[in-house]
Amino acid sequence: MAALGVPLVVTAMPEFAMFAIGAGAAALASVLRVGTVAQFVVFLAVSVLLVVFVRPLAMRSLRGRPQVRMGIEALTGATALVLEQVDEHGGRIKLQGEVWSARSLDPGQVFAPGQQVNVAQIDGATAIVL
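Bear in mind that the values here come from a model prediction, so they are computed numbers and not experimental data. (Residues numbered from 1 in each chain as written. Predicted model: local features only at pLDDT ≥ 70, side-chain atom pairs only at ≥ 80, totals over all residues. Heavy atoms only, no water.)

**Here's the deal with the overall build of the chain**
Convention followed: Counting from the N terminus, the helices are the DSSP runs of H or I reaching at least four residues and the strands are the DSSP runs of E reaching at least two. Burial classes: relative accessible area under 20% of the type maximum marks a residue as buried, over 50% as exposed, and values in between as partly exposed (1.4 Å probe, protein chains only). Should any heavy atoms of two residues lie within 4.5 Å, those residues are counted as being in contact.
The secondary structure content of the chain amounts to four helices and five strands. The helix and strand sequence of the chain, counted from the amino end, reads α-α-α-α-β-β-β-β-β. Counting every position in the chain, which comprises 130 residues, the buried fraction comes to 22%. Contacts in the chain between residues far apart in sequence, at least 24 positions, make up 43% of those at least 6 positions apart.

**Describing the environment of A23**
Tracing the chain through its elements places A23 in helix α2 (residues 15–31). Using a relative accessible area of 17% as the deciding quantity, one classes A23 as buried.

**Digging into the nonpolar core**
Convention followed: We call a set of buried residues a nonpolar core when its members are Ala, Val, Leu, Ile, Met, Phe, Trp, Tyr or Cys and they connect through side-chain atoms within 4.5 Å of each other.
Of all hydrophobic cores here, the largest spans 15 residues; its most connected members are V86, I93, L95, W100, V117, A127 and V129. Those elements that place two or more of their residues in this core are β1 (79–87), β2 (90–95), β3 (98–104), β4 (116–123) and β5 (126–129). With near-sequence residues (within four places) excluded, I93 lies in contact with A80, L81, V82, L83, V86, E98, V99, W100, A102, V117, A127 and V129.

**Some words on the pairing of β4**
Within a regular strand, side chains alternate between the sheet's two faces. Definition in use: In this scheme, strands are said to pair when DSSP sees at least two bridges between them.
Here β1 runs beside β4; their pairing, made up of three bridges, is antiparallel. If you follow T79 over to β4, its bridge partner there is N118. The pairing of β4 with β5 spans four bridges and is classified as antiparallel. Bridge pairing in β5 links D123 to T126. Following β4, the chain reverses through two residues before pairing antiparallel with β5; G124 in that reversal takes a positive phi of roughly 65 degrees.

**So, the confidence of the model for the chain**
For clarity, the cut-off: pLDDT is a residue-level measure of predictor confidence that goes from 0 to 100.
In the predicted model, the chain carries a mean pLDDT of 88, and the fraction of residues at 70 or more is 89%. Here helix α1 (residues 5–11) stands out as the element of the chain with the lowest mean pLDDT, 58, in contrast to β1, whose mean of 97 is the highest.

**Thoughts on the pairing of β3**
Bridge count for β2 against β3 is four bridges, and the pairing is antiparallel. Looking at β3, one finds that R92 is bridged to S101. Linking two consecutive strands that pair antiparallel, namely β2 and β3, is a turn of two residues; a positive phi of about 50 degrees is found at Q96 within it. Relative to β5, β3 is paired through four bridges, and the arrangement is parallel. Its bridge partner lying in β5, A102 is registered against A127.

**A word on unusual backbone geometry**
In the Ramachandran plot, R33 falls in the positive-phi region, its phi being about 60 degrees despite a non-glycine side chain. Looking at where R33 falls in the secondary structure, it is placed in the loop between α2 and α3 (36–63).

**Structural notes on the pattern of salt bridges**
Using the following cut-off: By definition, a salt bridge exists where a carboxyl oxygen of Asp or Glu is found within 4 Å of a side-chain nitrogen of Lys or Arg.
Applying the stated criterion across every chain, the model contains two salt bridges. Measuring nitrogen to oxygen at the nearest pair gives 3.1 Å for the salt bridge that ties R103 to D123. Of this pair, R103 sits in strand β3 while D123 sits in strand β4, and the two are 20 residues apart along the sequence. The partly exposed category is assigned to D123, whose relative accessible area is 39%.

So this is what it looks like as C-alpha cells:
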C-alpha cells in the first residue's frame, strides 16, 4: 500500500491513491482471514469502482476551478505606483511590493511620481505601463 504512495507523489496522478485505497481494502480483507483470491478481488473491485466513479467527479471539479495566474501572467493587468517619473525611456514603479524598472507603452506619455498605472506587459525585468 505504501509503495503506491511513491508514484502518487512523483507523478501527481490521483489514480495511484485510488489503487492504494484498494490495497488498503485488500489488507483489511486479509485481517478478516479472507483467501488470497478474495483479497485480489477486493483490491480489484475497490480500485475499479474508485477509478470509474470518483475520478470523473474529481476531474469535473478540477475543470470548474479558475486558473491561478502565476509569474509574469499574474503581474499583467496589475496596478502599480509610480516612484520615479516613467516615460518611454524608463522610470521606476512599485509593483506588488517590489520596485521595478518601467517604461510607458505609448511614446510621449509621462507618468508622475505618486500616480497609479496599470501594467500592460512585462518585458524581461521591465514593466510596460499605461
